[in-house]
Amino acid sequence: MSDLAKLPVAERNRRYWQENLRLISILLVIWFAVSYLPVPFVEALNNIVIAGFPLGYYMGSQGSLIVFVVEIFYYAYAMNKLDAKYGLSDRDR
Amino acid sequence: MSASAQSQSVFRNRMARYYGYFTIGFIGVSLLMLLLEVFAGLPTQVIGWIFLLLTMALYATIGILSRTKALDEYYVAGRNVPAVFNGMATGADWMSAASFISMAGTLWLLGYDGLAYIMGWTGGYVLLALLFAPYLRKFGQYTIPDFVGARFGGNTARVVAAICAIIVSLTYVTAQVVGVGLIMQRFVGVDYTIGVILGLSGVLVCSFLGGMKAVTWTQVAQYIILIIAYLIPVTALSIQLTGFPLPQLSYGQALQRIQVLEQEQGLSRTTESPVVPGKFITSGYIPPFNEGLSNAAAVDAVRQINTQFGWSLTPPAAQAIPDAKKPELGDWRGTPWNFLALMACLMLGTAGLPHILIRFYTVPSVRESRLSVGWSLFFIFLLYFTAPAYAAFSRWQILENVVGKQISELPGWTKTWASNGLIVIRDLKAVDGVEIGKEPGWVKNLINAKTITIEDANGNGKIDLGPWEDIGDGKARAGEISGAATFLTKARVDGILQLNELGRATADGIDGDLVVLSTPDIAGLPFTIGALIAAGGLAAALSTADGLLVVIASAIAHDIYFRTINPKASLNTRIMLGKSMIVVAAVIAALLAIPRLALIAQMVAWAFSMAAATFFPVVLLGIFWKRANGPGAIAGMIGGLGVTLFYMFNNYMNPAFNVLGISHLGSGIFGLPVAIILIVVVSLLTKEPSKETQELVENLRNPITDDEGMTKMIDKVATAK
C-alpha cells in the first residue's frame, strides 16, 4: 500500500478526485479535438488524400471513432492504476 | 484474487464457451442453408421462414432459461454480467433497426453531412465512460429516476424523470416495432400487421419471463447475429471489387471512383448561392454542408395524419431555404453550425438515454463498468466503422453500373427489385407504347398530382412518346405526354437512367434503406445472405425494443408505483406489476406502430435532443456539483425541455425560424445551456442540499463498490429530509 493510501480519508479522497478530474479533462480535450475541431476545416483537410481517403471525410467516418475507443480503454486502465495508488481498488475487496 | 472475483471469472469463461458454441452453430446453419439453396434449390420463402423461426425460437429459449422471480435479476440482471458481455448487450441494445438498415443509407444519401450521425452515436460513449457510467454503477439501484429521486431529494424530481423516460422510450420502441413489421413483410412475405404481432410476441416471451436478465443474455446472442449479418455482404463485395477482404480499409478506392463518376455525370457541381452573391456551394458525396433547410417532412407528416385519422389539420406552407425570393433568410449551406449542433445533440443524448444508462447497473463493480463502456463502444464501432464502406461501395456500383445506362441494359438485380416494387425506375421511356389506363402506379401518381398529363392524340389507346420539346410557359412535351418543365426534362424521356430517376412510387430518389438490403444482390450473392441480413435487422430491432420495454415497465412499476404511490408493496406485487407493464407497453407500442406514421421516425431523432437537454445536464451536475439541489434539477429539466421543444416545433413547421441555420434535429443545443443555467441559478438561490445528500455524492466518487452500504445511505438521505 502506498503512502497516499495512508493519508487522512478526506484528504485522500480530495486528491484522488482531483487527479480523476484532471484525467477526464485531458481526455475530453482530445475527444473535442478529433471530432468537433476538424469539422470547420473539413474542406482544407480533404485536400490531403491518404490511400484514397480525403482526410476530412476520413476523420468523420473512421478516424475520430478509433480515438474514441482507445480513449475509453485508456481511461479504464488509468483509473485502475489510480485506484490502486490511493488504496481504493475494487480488487482489494 | 478474492473468492467473488474467482467465481466471476469462472462464470465469464462458461458464458464465453456457450456463446462460442452458439456462434459456430449459427455460422454452420447459415452455411447449410447456403448449400441447400445453391445445390438443392431450396425455395427462398422457406429459407426466410427457417431463419425467422430459428432465431425467434432461440430468443424464446434464452428467455425461458433465464425466467426469474428475483427483483435484482428482473431489473438489473443480478448485477453479475461481465464487462465484455455487457458490452455486447449494450451494443445490441443501442443499435436499432435504424443503425442496422438505415445508417449506411443515410450516408449514401447525405455524403459527408451524414457523418454527424456516425460521430454523434459513437462519441457519446466517451462522455458515458468519463462522466456517467462509473458513478451510476456505484449508485447501483434500478432506474435512472431512482438516481434523480435520491440525489435531488424527493418524489417530484423522480416522477418528472420517470415521465421523461417513458416518453422517450415509448417513441423509440414504436420505431423498433415499425422496423420489425417492415422486415417481416419484406423477407417473409407476411402482412405488416401480422409481422408486428409476430415480432412483438418474440420480444414478450423474453422480457416478460426473465426481465433484464433474459433481455441481457438474449441481446448478447442478438449482437452476434447482427454483426455477422452486417459484415458478410460488404466483405464479399469488397473482395469482388478490390480483391481485398477488409472493406473498412479498402473503400478509399470507392471514394475516389465516386468523385470521378460524379464529375463525369455532372452530379458534382459548384454553383453560386441564389441569395448570397459570391458564395459558392459544391454538391457531391465528399464536399460538406450542402443541405438546405426545408419543412417538407412536416408538410408530409400533417397530410399523412389527416388521411390516417380523417382529421383536417392545416399543413404548414411549404418553405425551403435558401429561397431566391426571400434572400433575407440567408443561405446557411456551406457553414458547419447545423452539423456541429446535430452531432453535439446526438452525443449528449446518447449519454442521456435511460435504456443505455441502466445497462451499467448490471455489471458487478465500478471497475468493470469502466471497462464495459470500452467494450460497448468497441462492439458498436465494428458496425459504425463499416457503415461508410457499405455506403461508398453501393454508391460506386450504382454510379458505375446503373446510372447513365439504357433502361434495357440495367444489371439483373435492378430488374428484380423493380419488379418487386422496391425501386421504381422513373424514366418515362418505360411507358412508351403502354396502354392508357394500364400505366404503372408511379405514373398514375404523377397524373393524379397533375405533374404530367397524357393525351391520346392518335387515338390508338396507347401512350406514344415523341421527341422532347419545350412548349413554353414552363411546360414541356414529349409526344403524348406533357407536363411541368421542372419535372418533364429531356433526360426524363431519354431512356437513360439518371440518379434521381432511381426512386420510389411517390418520389424521385432512392430509399436509403435499400443500400444495406441490396448489397447482397449487387454482389450477386445467394438469397440466404439476404435472409441473414433480415435476421440481423430483426435482431437489431428486437434487442432494442426489449431494452426499452424494461425501462418503461420499471419507470411505471418501480418509480411511479412502488417508490411514489405504494412504498409498502410486496415483492410479489412489484414483480407482477413489472411483468404486466411490459405487456401493456408492448401493446401500446404495437397500436402506435400500426398506422406507420412518418412522424415516429422524426420523434426518435428528437429524443436525442430531448435527452441532451434534460437527463444529461441533471445527471452530470448531480455527480460533479454537490451544490446542485432538487428545485434546480426540476427547473433545469422543465426549462431545458421547454426551450428544446419550442425551437423544435417552430423550426420543424417553418424553417425561416432558425438560428445559424440549425435544424430542429439539433434543437437540444439551445435547451442544454438553458437547463444548466437554470440548475445553477435556482440551486444557488435555494437551500443547500442536506448534509446526507452531500455525503451521498462524496460516496459516489469513491470507486469501491458497496451496494448494501449505498442502499443504506440512500435510505438515510430519504428519511433525513
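Procedures and definitions
Residues numbered from 1 in each chain as written. Chains lettered and ligands numbered in written order. Predicted model: local features only at pLDDT ≥ 70, side-chain atom pairs only at ≥ 80, totals over all residues. Heavy atoms only, no water. UniProt positions renumbered as here; feature names shortened; annotations may be inferred. Contact = heavy atoms within 4.5 Å. Buried area = accessible area lost by both parts, 1.4 Å probe. Salt bridge = Lys/Arg side-chain N within 4 Å of Asp/Glu carboxyl O. Polar contact = N/O pair within 3.5 Å; in protein donor to acceptor, adjacent residues only side chain to side chain. Helix = DSSP H or I, 4+ residues; strand = E, 2+ residues; numbered from the N terminus. Nonpolar A, V, L, I, M, F, W, Y, C, P; charged D, E, K, R; others polar. Domains from an automatic or database assignment. Buried < 20%, exposed > 50% of the residue type's maximum accessible area, 1.4 Å probe, protein only. Lys, Arg positive; Asp, Glu negative; His and termini not counted. Phe/Tyr/Trp six-rings, centres within 6.5 Å; stacked < 30°, edge-to-face > 60°. Lys NZ or Arg CZ within 6 Å of the ring centre and 35° of its normal.

Looking at an unreviewed UniProt entry, chain B carries the name Cation acetate symporter, with the source organism given as Chloroflexus islandicus. According to the UniProt record, the Sequence similarities (unreviewed entry) comment for chain B is "Belongs to the sodium:solute symporter (SSF) (TC 2.A.21) family." The UniProt entry for chain B carries the following text under Subcellular location (unreviewed entry): "Membrane".

The name given to chain A in an unreviewed UniProt entry is Sodium symporter small subunit domain-containing protein, with Chloroflexus islandicus as the source organism.

S.K.: Can you break down the interface of chain B and chain A residue by residue, with the values?
M.R.: Listed per partner, the contact involves 53 residues of chain B and 46 residues of chain A. Of the roughly 4,500 Å² buried between chain B and chain A on both sides combined, carbon and sulfur atoms contribute 70%. For A:Asp83, the salt bridge goes to B:Arg370, with nearest N and O atoms at 3.1 Å. The interface formed by chain B and chain A contains eight residue pairs in polar contact (both at pLDDT 80 or more). Looking at the side of chain B that touches chain A, the element that brings in the most residues is helix α6 (residues 115-139) of chain B, giving 12 residues. When grouped by side-chain class, the residues that make up the side of chain B that touches chain A number 37 nonpolar, 12 polar and four charged.

S.K.: Summarise the domain arrangement of chain B; cite the residues concerned and give the values.
M.R.: Residues and elements named next belong to chain B. Domain parsing of chain B yields domain 1 (45-266 + 347-399 + 514-593), domain 2 (267-338) and domain 3 (400-513). Spacing between the C-alpha centres of domain 1 and domain 2 amounts to 31 Å. In this complex, domain 1 contributes 17 residues to the contact, which on the side of domain 2 involves 11 residues. Summing both partners gives a buried area of about 1,200 Å² for domain 1 against domain 2, and 57% of it is carried by carbon and sulfur. For the pair domain 1 and domain 2, the number of links is zero salt bridges. Remark: the boundary between domain 1 and domain 2 carries eight residue pairs in polar contact (both at pLDDT 80 or more).

S.K.: Let's hear about the side chain of B:Glu368: which residues, and what values?
M.R.: Residue and element names in this part refer to chain B. Along the polypeptide, Glu368 turns up in helix α15 (residues 366-384). For the buried residue Glu368, which engages in no salt bridge, the nearest side chain bearing the opposite charge is Arg12, 4.7 Å off. Glu368 has contacts with Pro82, Ala83 and Val363, leaving out every residue within four places of it along the chain.

S.K.: Tell me what's going on with the packing of aromatic side chains, and back it up with residues and numbers.
M.R.: Think of a pair of aromatic rings as described by two things: how far the centres are apart, and how the planes are tilted against each other in angle. For the coordinates displayed, the defined rule picks out 46 aromatic pairs over all chains. Centroid distance B:Trp121 to B:Phe608: 5.6 Å. Interplanar angle 40 degrees. Geometry classified as tilted. On the criterion of sequence distance, the pair formed by B:Trp121 in helix α6 and B:Phe608 in helix α22 (residues 598-613) is long-range, its members being 487 residues apart. The same class applies to B:Trp121 and to B:Phe608, which are both buried. Between the aromatic rings of B:Tyr230 and B:Tyr390, the centroid separation amounts to 4.7 Å while the plane-to-plane angle is 55 degrees, which identifies the pairing as tilted. With B:Tyr230 in helix α9 (residues 192-242) and B:Tyr390 in helix α16 (residues 387-401), this pair connects stretches of sequence that are 160 residues apart. As far as the burial class goes, B:Tyr230 and B:Tyr390 line up, both buried. What links up through ring pairs into an aromatic cluster is the set A:Phe73, B:Tyr223, B:Trp375, B:Phe378, B:Phe379, B:Phe381 and B:Phe385. Positioned above the aromatic ring of B:Trp108 is the side chain of B:Arg395, whose terminal nitrogen or guanidinium carbon lies 4.8 Å from the ring centre. Between B:Arg596 and the ring centre of B:Tyr192, over which it is positioned, the NZ or CZ distance is 4.0 Å.

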